[in-house]
Amino acid sequence: MNNEIVLKLSKFAMIMSILGVCTLGICPAFGIMGIVVGLVFRNKGVQLNAECKKKIKISYILGAVSLLLFAVDIALAYIFLV
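Definitions and cut-offs
Residues numbered from 1 in each chain as written. Predicted model: local features only at pLDDT ≥ 70, side-chain atom pairs only at ≥ 80, totals over all residues. Heavy atoms only, no water. Core = buried A, V, L, I, M, F, W, Y, C linked by side-chain atoms within 4.5 Å. Buried < 20%, exposed > 50% of the residue type's maximum accessible area, 1.4 Å probe, protein only. Helix = DSSP H or I, 4+ residues; strand = E, 2+ residues; numbered from the N terminus.

Within the largest apolar cluster, seven residues are counted, these being Val6, Ala13, Val37, Phe41, Val46, Cys52 and Ile56. Looking at this core, the elements that each hand over two or more residues are helix 1 (3-22), helix 2 (28-44) and helix 3 (50-81).

Attention now goes to the environment of isoleucine 32. With respect to the helices and strands, the residue isoleucine 32 is situated in helix 2. Sequence spacing of isoleucine 32 and leucine 67 is 35 residues, and the spatial spacing of their C-alpha atoms is 7.7 Å.

The phi angle at leucine 24 is positive, at roughly 60°, despite the residue not being glycine. Within the fold, leucine 24 resides in the loop between helix 1 and helix 2. By relative accessible area, which is 53% here, leucine 24 ends up exposed.

This is how it looks when you write it as structure tokens:
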């Protein structure tokens, strides 16, 4: 796979995960997109350089935080609306 494309996709994953955290998990799609890019790379056996590995690791962590914040949003909505 072209290294430039891999770098752009890893940047995309990191940005989407950051957006998921910045929106406090309101849209879980941002966090999921950040996680899925790394999973696709792993399933396809793409060789990543150190910079891409770092960005994918960050996107995994922030994507998980975004999904956790989504669960907190749902819980708060349930508590205050019921």
